[in-house]
Amino acid sequence: MKTDALKPQVSSIINQPDVVIKDKMQAICDLLQSAIATYDWVGFYMAHETEPTLHLWNQAGEPTDHTVIPFGKGICGQVAVSNANFVVDDVHAQDNYIACSIHVKSEIVIPMFKNAKNIGQIDIDSNTANAFNQEDERFLEWINQLVAAQL
Ligand code: SME
């Protein structure tokens, strides 16, 4: 399994002493983007404390203009409202989609919860269609739980 092999590295990032969580989140983005061939862009969008907007805290991959996303807009904004995983096999089949790159073909967004509140999400784009399955969902849920525990 491609993700099992990465769990020890994610754990060692999370367990580093004297490193702030934002830096650990960046290290996780860098690790996933470099280690998994179909993870072309990896980022964490986190909810504003009072406004209904998501803010890009970290990313690995091509820079994006979409650093702030209103709740309800795009795949990310829909997950901020639905609280549910969103696996998109073909982004071109989506009406409510924000394109960050013309190369992207599929996307996965997994919400992050703290005290049962949706506080943000991990978002991954792939230049390969149908790149994500339940293995990715379980792996990214696990990462989000580790991150949320330190926020
Ligand atoms: N495609 C996302 C926007 C974020 S980019 O993928 C980096 C969306 O539709 O919400």
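## Re the site of the ligand
Part 1: For the ligand, the full set of nearby residues is Trp41, Tyr45, Ile69, Gly74, Ile75, Cys76, Tyr97, Ile98, Cys100, Glu107, Asp123 and Asp125.
Part 2: Backbone polar atom of Ile98 to a nitrogen atom of the ligand: 2.7 Å apart, as the coordinates give it.
Part 3: Interatomic distance of 2.8 Å between a side-chain N/O atom of Asp125 and an oxygen atom of the ligand.
Part 4: For the ligand, the accessible surface in isolation is 300 Å², of which the surrounding protein chains cover 100%.
Part 5: At the level of elements, strand E1 (41-47), helix H3 (74-82) and strand E6 (117-126) are the ones that each hand at least two residues to the shell around the ligand.
Part 6: Looking at which element gives the most residues to the shell around the ligand, the answer is H3, with 3 residues.

## As for the nonpolar core
Part 1: One finds Leu32, Phe44 and Leu140 to be the most contacted residues of the largest nonpolar core, which totals 29 residues.
Part 2: Taken together, the elements giving at least two residues each to this core come down to helix H1 (7-14), helix H2 (21-35), E1, strand E5 (106-114), E6 and helix H4 (134-148).
Part 3: Of the residues forming this core, the biggest block, 6 residues, is contributed by H2.

Rules of the game
Residues numbered from 1 in each chain as written. Predicted model: local features only at pLDDT ≥ 70, side-chain atom pairs only at ≥ 80, totals over all residues. Heavy atoms only, no water. Near = heavy atom within 4 Å. Polar contact = N/O pair within 3.5 Å; in protein donor to acceptor, adjacent residues only side chain to side chain. Areas by Shrake-Rupley, 256 points an atom, 1.4 Å probe, with all protein chains shown as cover. Helix = DSSP H or I, 4+ residues; strand = E, 2+ residues; numbered from the N terminus. Core = buried A, V, L, I, M, F, W, Y, C linked by side-chain atoms within 4.5 Å. Buried < 20%, exposed > 50% of the residue type's maximum accessible area, 1.4 Å probe, protein only.

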